[in-house]
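Residues per chain, in single letters:
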Amino acid sequence: MEKFCGNCEKMCEVVESKEVREYEIKKTKVSAEITILTCKNCGEEVFDKDVEIANDILLFDDYKRKNSLLTANEIAKIREKYKISQATLSKILGFGIKTITRYENGTIQDNTHDNLLRLINKEENFFELWYLNKDRLSDSENAKIEKTLKKEVLKTEYEYQEPCSKLYNTKIGRKGELIYGGC
């Protein structure tokens, strides 16, 4: 594989290797086995944007584990559990539209966002936030979530607490539609 070598100032063949390296992120020592590209001509390290992004995710995930935060992969699995896009999940949680994308690409989330992401891993919490924020979503986004939730409701009956303090049981109607309570 060829990459541009800044030392040789031309495209050169590179060798890919793995190496454990330590760094400090926000006063936390982190380490990970990262990918290093080395120029075959001069032996110097070669920068590659995609490799650097992948290395950052590994290092940031080590930081997240050491600070009890969800890793990028764990966040992606929560979203995939409900079969929704990053943008849809951001809308449900009230985050900026690209926030989940950044978290899944390695950006370190704050504790508040991490806590909310952990809470929605439980279906009843996800259901409650979706129900409260479904007006932010398109009809197709809501239909996709309803379809996913129908499968879950068949396994479990959700109890939903409206802000007006009335307790609701969510059920599947005769035509297969989800039935919610209302104030």
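Relevant structure appears above.
Values in this document were obtained by computation on a predicted structure and should not be read as measured data.

Structurally, the position occupied by L116 is in helix α5 (residues 111-119). Distance from L116 to L93, taken between C-alpha atoms, is 7.8 Å for residues 23 residues apart in sequence. Beyond its immediate sequence surroundings of up to four residues, L116 is in contact with L93, F95 and L129.

On to the pairing of strand β2 (residues 10-25). Relative to β2, strand β1 (residues 2-5) runs antiparallel, the two being bridged by four bridges. When the bridges of β2 are listed, C5 appears paired with K10. Hairpin remark: β1 followed by β2, antiparallel, with four residues in the connecting loop; positive phi at E9, about 60 degrees. Between β2 and strand β3 (residues 28-39), which follow one another and run antiparallel, lie two residues, and K26 among them has a positive phi close to 50 degrees.

With a phi close to 60 degrees, E9 is a non-glycine residue in the positive phi region. A relative accessible area of 63% places E9 in the exposed class. One non-glycine residue, K83, lies in positive phi territory at about 55 degrees. Note that K83 resides in the loop between α2 (72-81) and α3 (86-93). Taking the relative accessible area as the measure of exposure, K83 reaches 47% and is therefore partly exposed.

The contact between α3 and helix α6 (residues 123-133) brings their axes to 8 Å, and the two run at 80 degrees. The orientation of α3 with respect to α6, classified from their angle, is roughly perpendicular. Seen from α3, the contacting residues are L89, K91, I92 and L93; seen from α6, they are F126, L129, W130 and N133. For the contact of α3 with α6, a count of residues per class yields six nonpolar, one polar and one charged.

Right, let's talk about the nonpolar core for a bit. Nonpolar side chains in soluble globular proteins tend to be buried together. Core analysis: the largest hydrophobic core is formed by 20 residues, its most contacted members being L89, I100, L117, F126, W130 and I145. Within the residue set of this core, elements represented by two or more residues are α2, α3, α4 (99-104), α6 and α7 (139-155). A per-element tally of this core places α6 first, with four residues. Once residues within four sequence positions are removed from consideration, F126 is found in contact with Y82, I84, L89, I92, I120, I145 and L149. Ranked by size, the runner-up nonpolar core spans nine residues in total, among them V30, A32, Y63 and L69.

Pairing is antiparallel in the open sheet, where three strands are placed in the order β1-β2-β3. Looking at which strands have only one partner, the edges of the open sheet turn out to be β1 and β3. Here the average twist between neighbouring strands, direction ignored, is 40 degrees. With respect to the sheet, helix α1 (residues 49-66) is in contact with β2 and β3, its orientation differing from that of β3 by roughly 165 degrees.

Taken as a whole and judged by the stated rule, the model has three aromatic pairs. Between Y82 and F126, the aromatic rings sit 3.7 Å apart at their centres with planes inclined by 5 degrees, giving stacked as the arrangement. In this pair, Y82 sits in the loop between α2 and α3 while F126 sits in helix α6, placing the two residues 44 residues apart along the sequence. No difference in accessibility class separates Y82 from F126, as the two residues are buried. An aromatic cluster is defined as three or more aromatic residues linked by ring pairs; in this entry it consists of F127, W130 and Y131.

So, about α3. The set of residues buried in α3 consists of T88, L89, S90, I92 and L93. Within two residues after α3, G94 carries a phi angle of roughly 80 degrees, on the positive side.

What counts, and where the lines are drawn
- Residues numbered from 1 in each chain as written.
- Predicted model: local features only at pLDDT ≥ 70, side-chain atom pairs only at ≥ 80, totals over all residues.
- Heavy atoms only, no water.
- Helix = DSSP H or I, 4+ residues; strand = E, 2+ residues; numbered from the N terminus.
- Contact = heavy atoms within 4.5 Å.
- Pairing = 2+ DSSP bridges.
- Buried < 20%, exposed > 50% of the residue type's maximum accessible area, 1.4 Å probe, protein only.
- Axes fitted to C-alpha atoms, helices over the stretch in contact; angles between N-to-C directions.
- Parallel < 35°, antiparallel > 145°, perpendicular 65-115°, else oblique.
- Nonpolar A, V, L, I, M, F, W, Y, C, P; charged D, E, K, R; others polar.
- Core = buried A, V, L, I, M, F, W, Y, C linked by side-chain atoms within 4.5 Å.
- Phe/Tyr/Trp six-rings, centres within 6.5 Å; stacked < 30°, edge-to-face > 60°.

Limitation: the analysis is restricted to geometry and does not speak to function.
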